[in-house]
Amino acid sequence: MQKILIIGSAGQIGSELVPVLREKYGDENIIAGWHNKKCDGNTLSNSIACNIDITDANALESAIKKHEINVIYHLASMLSAAAEKNPQAAYSVNMGGLFNVLEAARKNNCSVFFPSSIGAFGPSTPKDKTPQVTIQRPNTMYGITKLAGELLCDYYFQKYNVDTRGVRFPGLISYKTAPGGGTTDYAVEIFYAAAKNETYECFLKEDTTLDMMYMPDAISAMVKLMQADGSTLKNRNAYNITAMSFSPSQIFNEIKKRLPDFSITYKPDLIRQSIADSWPHSLNDENARNEWGWKPTYDLPAMVDDMIKNILSYGT
Ligand code: AKB
């Protein structure tokens with residue numbers, strides 16, 4: 001039986017992953033780890049919760065022992081723009097936290113899911129249909145910690161046989177829990193402005209094209225990869241996955257088709273625009289498709305339909 005610890009349960013991904021895993025494996029087998037952001041959302045109510053600071057290796061290991069954990073989804077991380085504002089803290093949380101997780105996994109025989117990102121690529125990476133294996137020279141602290149994280153997970157698999165797996169997430173769009181400190185956050189904020197009938201001031205240029213994914217597809221990717229037969233996985237720790245690729249003006253036009261009074265202005269922010277300019281426009285995800293059957297469900301119009309329906313009914 002799997003006993004699963006989700007580190008970062010109250011975050012944008014964790015808050016949607018926890019209910020799915022509880023449904024799948026039973027409430028008693030899911031431990032919702034949280035820190036800083038309090039674990040009190042509706043989606044996490046009734047979960048077995050555990051306050052874990054991932055920079056505290058001893059606390060992490062005792063939680064793993066106490067709850068007899070054998071699978072860890074390690075979702076706690078500082079996102080790209082926040083990391084660029086405080087690179088020292090980002091190194092400690094993103095790199096130190098992952099190292100503690102991998103060490104605890106090695107000692108306690110756990111498998112690990114680690115989310116990398118399109119941020120693991122850099123300005124010299126081919127921009128379009130970026131291959132699975134290609135030049136990776138990220139120039140942000142976030143990207144450096146994600147790339148080093150991919151390699152560290154490979155190392156723990158090769159040297160210690162820790163079953164590490166991961167994907168490179170594009171920007172994730174969801175309505176249940178807001179992201180924070182990311183470069184792709186505009187693609188979530190824009191819906192809240194549209195629903196309130198406010199003009200949205202976008203912090204990226206109108207033609208900045210990036211890969212994106214709707215949260216239900218991101219959750220299904222994690223679960224599917226963790227369930228896959230390990231012997232079929234060749235790129236275990238950093239599968240390119242994508243669902244759609246668009247610019248601010250393209251998502252704006254799609255929203256405007258449904259909410260015709262919506263308007264937008266563009267005021268590019270120095271840090272986030274330069275991060276976005278260093279990332280690919282679109283990924284080639286054929287390895288994930290071939291090795292473990294990855295296939296997204298939502299394209300841009302389907303995602304926009306669902307976001308608007310839910311944000312309008314959830315309230316703004
Ligand atoms: C960010 O914008 O930092 C994240 C990411 C693409 O990894 N959403």
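Small disclaimer: the values here were computed from a predicted structure and weren't measured.

Section: the domain arrangement of the protein chain
- Once the domains are mapped, the protein chain shows domain 1 (4–170 + 215–240) and domain 2 (175–212 + 244–279 + 297–314).
- For domain 1 versus domain 2, the separation of C-alpha centres amounts to 25 Å.
- Contacts between domain 1 and domain 2 engage 24 residues on the former and 20 residues on the latter.
- For domain 1, the biggest contributors to the area lost against domain 2 are Gln-12, Ile-118 and Asp-217; these three give 26% of the whole.
- One can count zero salt bridges joining domain 1 with domain 2.
- At the junction of domain 1 with domain 2, the criterion picks out eight residue pairs in polar contact (both at pLDDT 80 or more).
- For the side of domain 1 that touches domain 2, the elements supplying multiple residues, two or more each, are helix H1 (14–25), helix H3 (80–85) and helix H7 (215–227).
- Looking at which element gives the most residues to the side of domain 1 that touches domain 2, the answer is H3, with five residues.
- A class-by-class count of the residues in the side of domain 1 that touches domain 2 yields ten nonpolar, eight polar and six charged.

Quick notes on the site of the ligand
- Around the ligand sit Leu-79, Ser-80, Ser-117, Ile-118, Tyr-142, Gly-171, Gly-182, Thr-183, Thr-184 and Trp-279, and that is every residue in its neighbourhood.
- Ser-117 is positioned with one of its side-chain polar atoms (N or O) 2.7 Å from an oxygen atom of the ligand.
- With respect to the ligand, the backbone of Thr-183 contributes an N or O atom lying 2.7 Å from an oxygen atom.
- Against a free-state accessible area of 260 Å², the protein chains account for coverage of 92% of the ligand.
- Here the residues of the shell around the ligand are counted per class, giving four nonpolar, six polar and no charged.
- Built from parts of two domains, the shell around the ligand gets at least three residues from each of domain 1 (4–170 + 215–240) and domain 2 (175–212 + 244–279 + 297–314).

What to know about the sheet that holds strand S4 (residues 71–74)
- Reading across from one edge, S3-S2-S1-S4-S5-S6-S10 is the order of the seven strands in this open sheet, with parallel pairing throughout. At either end of the open sheet lies a strand with only one pairing partner, and these are strand S3 (48–51) and strand S10 (239–240).
- Judged from the three bridges that link them, S4 and strand S5 (residues 111–117) form a sheet pairing that is parallel. Note that in S5 the partner of Val-71 across the bridge is Ser-111.
- Against the sheet, helix H4 (residues 87–108) contacts strand S1 (4–7), S4, S5 and strand S6 (164–169), and its axis sits at roughly 175 degrees relative to S4.

Quick word on the sheet that holds strand S9 (residues 210–214)
- Pairing is mixed in the open sheet, where three strands are placed in the order S7-S9-S11. The open sheet has two edge strands, strand S7 (171–173) and strand S11 (244–246), and neither has a second partner. With direction set aside, neighbouring strand axes in the sheet form an average angle of 40 degrees.
- Sheet topology places S7 next to S9; three bridges connect them, and they run parallel. The partner of Ile-173 across the bridge, within S9, is Tyr-214.
- The sheet contacts of helix H6 (residues 186–195) involve S7, S9 and S11, and relative to S7 the element is tilted by about 30 degrees.

Considerations on the pairing of S9
- Here S9 lies mainly inside the structure; five of its five residues are buried.
- Burial along S9 is two-sided: Leu-210, Met-212 and Tyr-214 and Asp-211 and Met-213, pointing in opposite directions, are all buried.
- Looking at chain direction, S9 and S11 are connected through three bridges and run antiparallel. Pairing of Asp-211 across the sheet is with Ser-245, part of S11.

Examining unusual backbone geometry
- Phi at Glu-68 takes a positive value of approximately 50 degrees, unusual for a residue other than glycine.
- Its place among the elements puts Glu-68 in the loop between helix H2 (57–66) and S4.
- Glu-68 sits in the exposed class, given a relative accessible area of 60%.
- Unlike most non-glycine residues, Asn-109 shows phi in positive territory, near 60 degrees.

Concerning the nonpolar core
- Core analysis: the largest hydrophobic core is formed by 72 residues, its most contacted members being Tyr-73, Phe-191, Ile-251, Trp-292 and Met-303.
- The biggest single contributor to this core is H7, with eight residues.
- Setting aside its immediate chain neighbours within four residues, Trp-292 contacts Val-167, Ala-221, Lys-224, Leu-225, Ala-228, Leu-233, Tyr-239, Ile-241 and Asn-287.
- Core analysis: the second largest hydrophobic core is formed by 22 residues, Ile-7, Ile-64, Val-101 and Tyr-156 among them.

Conventions we followed
- Residues numbered from 1 in each chain as written.
- Predicted model: local features only at pLDDT ≥ 70, side-chain atom pairs only at ≥ 80, totals over all residues.
- Heavy atoms only, no water.
- Domains from an automatic or database assignment.
- Contact = heavy atoms within 4.5 Å.
- Buried area = accessible area lost by both parts, 1.4 Å probe.
- Salt bridge = Lys/Arg side-chain N within 4 Å of Asp/Glu carboxyl O.
- Polar contact = N/O pair within 3.5 Å; in protein donor to acceptor, adjacent residues only side chain to side chain.
- Helix = DSSP H or I, 4+ residues; strand = E, 2+ residues; numbered from the N terminus.
- Nonpolar A, V, L, I, M, F, W, Y, C, P; charged D, E, K, R; others polar.
- Near = heavy atom within 4 Å.
- Areas by Shrake-Rupley, 256 points an atom, 1.4 Å probe, with all protein chains shown as cover.
- Pairing = 2+ DSSP bridges.
- Axes fitted to C-alpha atoms, helices over the stretch in contact; angles between N-to-C directions.
- Buried < 20%, exposed > 50% of the residue type's maximum accessible area, 1.4 Å probe, protein only.
- Core = buried A, V, L, I, M, F, W, Y, C linked by side-chain atoms within 4.5 Å.

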